[in-house]
Amino acid sequence: MEPLILVDGANVVGSVPDGWWRDRAGAAARLRDALAARDRSALPGEVTLVVEGAARGVAAIDGVAVEAAPQSGDDHIVALVAANVGHRTVIVVTSDRGLHRRVAELGASIVSPGQLRATISYGGRRQST
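Note that the structure is a prediction, hence the values are computed from the model and not measured.

1. Describing the pattern of salt bridges
Applying the stated criterion across every chain, the model contains four salt bridges. Close ionic contact of Arg 32 with Asp 33 constitutes a salt bridge, the shortest N to O distance being 2.8 Å. For Arg 32, a relative accessible area of 12% puts it in the buried group. A salt bridge links Arg 88 to Glu 46, with the shortest nitrogen-to-oxygen separation between them at 3.0 Å. One end of the pair, Arg 88, is in the loop between helix H3 (73-84) and strand S4 (90-93); the other, Glu 46, is in strand S2 (residues 46-51), and 42 residues separate them in sequence. For Glu 46, a relative accessible area of 36% corresponds to the partly exposed category.

Laid out in structure tokens, this is it:
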């Protein structure tokens, strides 16, 4: 079974200081699109982008599931880890120390936003043409 890769959307988007706070949904959509276009040999697995707040309206696309957290994104990620870690490898992308501790205690592995960004084409800003 493929690993489940849970991406803390707010944390990854927030790791690129590009004005994301002016358009949180747009920033999350750009991250989602970059995840969908990833080189699957560099980042194999089922990817789920967890969004919260103003980014809750971002829809799933082919190659990336999107989970809108009803409240706290961190709590939703913890619940997803707990529901999956017993039967598959779970990787959480975040630099949030508290979330890192909570999901590691459940058995998930952690990847930093920088490590993720090294495998996808995402700098935050929309590419100008």
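Having seen it, we continue.
2. Thoughts on the confidence of the model for the protein
Overall, the predicted model of the protein reaches an average pLDDT of 92, with 95% of residues at or above 70. In this model residues 125-129 is a low-confidence stretch, pLDDT under 50, and it forms four contacts with partners more than four residues away in sequence or in other chains.

3. Here we look at the pairing of S2
Among the six residues in S2, five count as buried, and that is most of the element. Both strand S1 (residues 4-8) and S2 contribute to a ladder of five bridges, which runs parallel. Across the sheet, Leu 6 pairs through a bridge with Thr 48, a residue of S2. Sheet topology places S2 next to strand S3 (residues 64-68); five bridges connect them, and they run parallel. If you follow Leu 49 over to S3, its bridge partner there is Val 66.

4. Some remarks on the packing of aromatic side chains
Tallying each qualifying case throughout the model produces one aromatic pair. Ring centres 5.5 Å apart and planes at 80 degrees place the aromatic pair Trp 20 and Trp 21 in the edge-to-face group. For Trp 21, a relative accessible area of 45% corresponds to the partly exposed category.

5. A short note on the layout of surface pockets
Counted as a void, the largest pocket has a volume near 180 Å³. In terms of lining, the largest pocket is formed by Gly 9, Ala 10, Val 13, Trp 20, Arg 24, Ala 28, Val 50, Val 51, Glu 52, Gly 53, Ala 54 and Ala 55. For the lining of the largest pocket, the leading source of residues is helix H1 (residues 9-14), giving three residues. For the lining of the largest pocket, a count of residues per class yields eight nonpolar, two polar and two charged.

6. Side note on H3
With twelve residues, H3 extends 17 Å from end C-alpha to end C-alpha; this agrees with the ideal 16 Å at 1.5 Å per step. Considered for burial, the residues of H3 that qualify are Gly 73, Asp 74, His 76, Ile 77, Val 78, Leu 80, Val 81 and Asn 84. Here the buried face of H3 lies against S1, S2, S3, S4 and helix H4 (97-106). N-capping of H3 is provided by Ser 72, with a side-chain oxygen placed 3.2 Å from the backbone N of Asp 74.

7. Description of the nonpolar core
Val 7, Leu 31, Leu 35, Leu 49, Leu 116 and Ile 120 are the most contacted members of the largest nonpolar core, which totals 26 residues. Counting residues per element, the ones that place at least two in this core are S1, H1, helix H2 (24-36), S2, S3 and S4. Broken down by element, this core gets its largest block of residues, seven residues, from H2. In this view, Leu 31 contacts Val 7, Gly 9, Val 12, Val 13, Leu 49, Ile 120 and Tyr 122; residues no more than four positions away in its chain are not counted.

Reading the values: rules and limits
Residues numbered from 1 in each chain as written. Predicted model: local features only at pLDDT ≥ 70, side-chain atom pairs only at ≥ 80, totals over all residues. Heavy atoms only, no water. Salt bridge = Lys/Arg side-chain N within 4 Å of Asp/Glu carboxyl O. Buried < 20%, exposed > 50% of the residue type's maximum accessible area, 1.4 Å probe, protein only. Helix = DSSP H or I, 4+ residues; strand = E, 2+ residues; numbered from the N terminus. pLDDT = per-residue confidence, 0-100. Contact = heavy atoms within 4.5 Å. Pairing = 2+ DSSP bridges. Phe/Tyr/Trp six-rings, centres within 6.5 Å; stacked < 30°, edge-to-face > 60°. 1 Å grid on protein atoms, 1.4 Å probe; cavity = no way out; pocket = protein on both sides within 12 Å on 5 of 7 lines; lining within 4 Å. Points joined across faces, edges and corners; volume = space filled by probe spheres on them. Nonpolar A, V, L, I, M, F, W, Y, C, P; charged D, E, K, R; others polar. Expected span 1.5 Å × (residues − 1). Polar contact = N/O pair within 3.5 Å; in protein donor to acceptor, adjacent residues only side chain to side chain. Core = buried A, V, L, I, M, F, W, Y, C linked by side-chain atoms within 4.5 Å.

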